[in-house]
Amino acid sequence: MKYLFSFLALVLCSVLQSQELKDFAIPKTYEKILETKGDLDKDGKDEVVMVFNTTPKAEVSGRKFYILKNINGKLKIWKENSTLIFDNKLGFYPVDNELNINIKNNSLNISQMYFTNSRHTDTSKYTFRFQNGDFYLIGASIQFDDTCEFNFKNEVNFSTGKIIIDEQFSYCDDGSDRKIPENYYKEFTQKFPKLIKMNDFRIGENEIKIPNSTKSFNY
């Protein structure tokens, strides 16, 4: 009887969810650039994530992604976002920009890289997990690299509060007589009152100050 009740509850939940979620259809002007699959809510079924250029014929195209559920053979819109994926013309060498989205350990990972100028690259990775009825930011990794002068990497685990700051400096054979700064590495923990929902998160608009230092970084 217990197993029968659980099965009926699961079926009822699936039916209700199917009625609530909208059917997915690719808008005519959209161009799909990426698709991946994986289980995001631990129900044993894969969700589908699709990323699109929203106006592919324009000089600058915005990008949007959908998290879709497959319910009774139909794709339904579970979540959509148009603020997390950089546009297709961002940076110094847009043709070399990189975008990767994957699902690992029931979490959604969004990684992006672009050139801020001819020597510097900005690489970011944000991890979101479905919990308490929504997707929340649980991890961030921000890396800023020069071709030879420095490599900076900041990592935050919002679930545990652990933060890692790693700044490495090196010599550039560019004819300059500069003093190489000392490497800087620090680990500390910080309490976060609450996690940020995916659709409330804006890249670069959140700051963490490093204790006993004038340093800080944005994520």
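Data block above holds the structure.
Residues numbered from 1 in each chain as written. Predicted model: local features only at pLDDT ≥ 70, side-chain atom pairs only at ≥ 80, totals over all residues. Heavy atoms only, no water.

K.L.:
How do you make sense of the state of the cysteines when you look at a structure like this?
P.N.:
Linking two cysteines covalently via their sulfur atoms produces the bond known as a disulfide. Applying the stated criterion to the full structure yields one disulfide. Across a sulfur-sulfur distance of 1.7 Å, Cys148 and Cys172 are joined as a disulfide pair. Linking Cys148 and Cys172, the disulfide has an S-S dihedral of approximately 115 degrees and is accordingly described as right-handed. Taken as a pair, Cys148 in the loop between strand 9 (134-146) and strand 10 (150-157) and Cys172 in the loop between strand 11 (162-169) and strand 12 (184-189) lie far apart in primary sequence, 24 residues in all. We classify Cys148 as partly exposed; its relative accessible area is 28%. (Disulfide = S-S within 2.5 Å. Helix = DSSP H or I, 4+ residues; strand = E, 2+ residues; numbered from the N terminus. Buried < 20%, exposed > 50% of the residue type's maximum accessible area, 1.4 Å probe, protein only.)

K.L.:
Just to check I follow, could you spell out the sheet that holds strand 5 (residues 74-81) for this structure?
P.N.:
Strand pairing in a sheet relies on backbone hydrogen bonds, with the paired strands running either antiparallel or parallel. As summarised here, the arrangement of the five strands in space is 1-5-4-3-2, forming an open sheet in which the pairing is antiparallel. Edge positions in the sheet fall to strand 1 (22-23) and strand 2 (31-38), since each has one partner strand and no second. Bridge count for strand 1 against strand 5 is two bridges, and the pairing is antiparallel. Bridge pairing links Lys22 to Ile77 in strand 5. (Pairing = 2+ DSSP bridges.)

K.L.:
Just checking my understanding: could you explain the sheet that holds strand 7 (residues 107-115) for this structure?
P.N.:
Strands sit in the order 6-7-8-9-10-11-12 across an open sheet of seven strands; the sheet is antiparallel. The strands lining the two open edges of the sheet, one partner per strand, are strand 6 (98-104) and strand 12. Direction aside, the axes of adjacent strands within the sheet are offset by 10 degrees on average. Alignment of strand 8 (residues 120-131) against strand 9, held across twelve bridges, turns out to be antiparallel. In the sheet register, Gln131 faces strand 9, and the bridge partner there is Asp134. (Axes fitted to C-alpha atoms, helices over the stretch in contact; angles between N-to-C directions.)

K.L.:
Could you clarify how one ought to interpret the environment of His120 in this entry?
P.N.:
Structurally, His120 can be placed in strand 8. Discounting residues that sit within four places of it in the chain, His120 has contacts with Tyr114, Phe115, Phe144, Asp145, Asp146 and Phe150. (Contact = heavy atoms within 4.5 Å.)

K.L.:
Just to check I follow, could you spell out the pairing of strand 3 (residues 47-53) for this structure?
P.N.:
Regular strands place side chains that alternate from one sheet face to the opposite one. Along strand 3, seven of the seven residues are buried, which leaves the element largely enclosed by surrounding structure. Sheet topology places strand 2 next to strand 3; seven bridges connect them, and they run antiparallel. Considered in strand 3, the bridge of Gly38 is made with Glu47. Relative to strand 4 (residues 63-71), strand 3 is paired through six bridges, and the arrangement is antiparallel. By the bridge assignment for strand 4, Val48 is matched with Leu68.

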